[in-house]
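Coordinates in review
Next come the chains, spelled out residue by residue.
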Amino acid sequence: MKATCIQMDMLFAQPEENFAKAKRLIREAMASGPDVVVLPETWNTGFFPKERLSELAERDCARVKRELGGLAAELGVNLVAGSVANVRGGKVYNTACVFDRASGGTEFLFDTFIGKEFHGTGDVFASVLTGALVRGESLSAAAGEAAAFVRACAERTAAEALPMREGVDFEPLLGLLIPGKETV
């Protein structure tokens, strides 16, 4: 299992440019022969342009599915399109878009924004996702586990009122990733 995690300099509030850059970077990543490619968090809008987020966000992930789902199928790669700002039913969600090359299936994991920014959530997501894939989980199950873990970490960090620069507090919750193990 080979995973490639893409880091990209997202342009704030410029989804057109970010889509073009993401597609180019996915194509470039294929040179190393990955089984899975993972994009970063909020790659479509940049980090939380709150004043225009609803306007800039995806609508039911339609464009992500059309463009990146099609690209994943064309390239024959599992793709976790990071998480995108996405409007569904009038609410803005942080949505992980997952494209499975084996089944051709598409899955969208929705979670509302908690209203705060934390550094490191994309790195934690990619790490948990990769670990679950190495354990033999399906792409969909691995993405679900990663999304739930990041959400728990963000909620814990928000409750602790830690400064954003310190990043998401994940270490006390690592036990959640071990079946049957309790956390501190």
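What you see as residue numbers is a count from 1 along each chain, following the sequence as written. Predicted model: local features are reported for residues with pLDDT of at least 70 only, side-chain atom pairs are reported and counted for 80 or more only, and whole-chain, interface and lining totals are derived from all residues. Excluding hydrogens and water, the side-chain values take into account all heavy atoms of the structure.

Concerning the packing of aromatic side chains
Centre distance within 6.5 Å is the pairing criterion for rings of Phe, Tyr and Trp, where only the six-membered ring of Trp is used; planes under 30 degrees apart are then read as stacked, over 60 as edge-to-face, and the remainder as tilted. This structure, assessed with the given rule, holds 1 aromatic pair. For the ring pair Phe19 and Trp43, a centre distance of 4.9 Å and an interplane angle of 70 degrees mean the geometry is edge-to-face. Residue Phe19 is found in helix H1 (residues 15-29), and its partner Trp43 is found in the loop between strand S2 (36-38) and helix H2 (53-56); the two are separated by 24 residues along the sequence. In this structure, Phe19 and Trp43 share a single accessibility class: buried. Sitting above the plane of the Phe19 ring, Arg63 keeps its charged end 3.8 Å from the centroid. Where helices and strands are cited, they refer to DSSP runs of H or I of at least four residues and of E of at least two residues respectively, numbered from the N terminus. Any residue under 20% of the maximum accessible area for its type is buried, any over 50% is exposed, and the rest in between are partly exposed; the area is computed with a 1.4 Å probe on protein chains only. Criterion for a charge above a ring: Lys NZ or Arg CZ within 6 Å of the ring centre, and within 35 degrees of the ring normal.

Points about the pattern of salt bridges
Between side chains of opposite charge, a pair can form as their charged atoms come close. Salt bridges are defined as contacts in which a side-chain nitrogen from Lys or Arg sits within 4 Å of a carboxyl oxygen from Asp or Glu. Using the criterion set out here, one finds 12 salt bridges in the structure. Glu28 is paired through a salt bridge with Arg24; the nearest N and O atoms lie 3.0 Å apart. Taken together, the residues Glu28 and Arg24, both in helix H1 and 4 residues apart, mark about one turn of the helix. For Glu28, a relative accessible area of 45% corresponds to the partly exposed category. You can call Arg24 partly exposed: its relative accessible area is 42%. Residue Arg63 pairs with Glu67 through a salt bridge whose shortest N-O separation is 2.8 Å. Highlighted residues: Arg63 and Glu67, both in helix H3 (residues 62-75), separated by 4 residues, approximately one helical turn. With respect to burial, Arg63 and Glu67 carry one shared label: buried. Put simply, Glu16, Lys23, Arg63, Arg66 and Glu67 are held in one network by salt bridges that share partners.

Thoughts on the layout of surface pockets
Space inside the second largest pocket adds up to approximately 260 Å³. Along the wall of the second largest pocket there are 17 residues; nearest its centre are Gln7, Pro40, Glu41, Gly122 and Asp123. The leading source of residues in the lining of the second largest pocket is helix H4 (residues 121-134), at 4 residues. Here the residues of the lining of the second largest pocket are counted per class, giving 10 nonpolar, 5 polar and 2 charged. Buried and open spaces are told apart on a 1 Å grid over the protein atoms alone, a cavity being a set of points where a 1.4 Å probe fits but cannot get out and a pocket being an open set with protein on both sides within 12 Å along at least five of seven lines. Residues with an atom within 4 Å of a point are the lining residues. Grid points are joined across faces, edges and corners, and a volume is the space filled by probe spheres set on the points. As a working rule, the residues Ala, Val, Leu, Ile, Met, Phe, Trp, Tyr, Cys and Pro are called nonpolar, Asp, Glu, Lys and Arg charged, and the rest polar, with Gly in that last group.

Side note on the packing of H1 against H3
In the contact formed by H1 and H3, the axes pass within 11 Å of each other and the chain directions differ by 10 degrees. By the angle between their axes, H1 is roughly parallel relative to H3. Listed contacts from H3 to Pro15, Glu16, Phe19, Lys23, Ile26 and Arg27 of H1 are Arg63, Val64, Glu67, Leu68, Leu71, Glu74 and Leu75. Partitioned by chemical class, the residues of the contact of H1 with H3 number 7 nonpolar, no polar and 6 charged. Here, axes are lines fitted to C-alpha atoms. For helices the fit covers the stretch in contact, and angles between N-to-C directions go from 0 to 180 degrees. What sets the label is the angle itself: under 35 degrees gives roughly parallel, over 145 gives roughly antiparallel, 65 to 115 gives roughly perpendicular, and the rest give oblique. In what follows, residue pairs with any heavy atoms lying within 4.5 Å of each other are defined as contacts.

In short, shape yes, function no, at least from these values alone.
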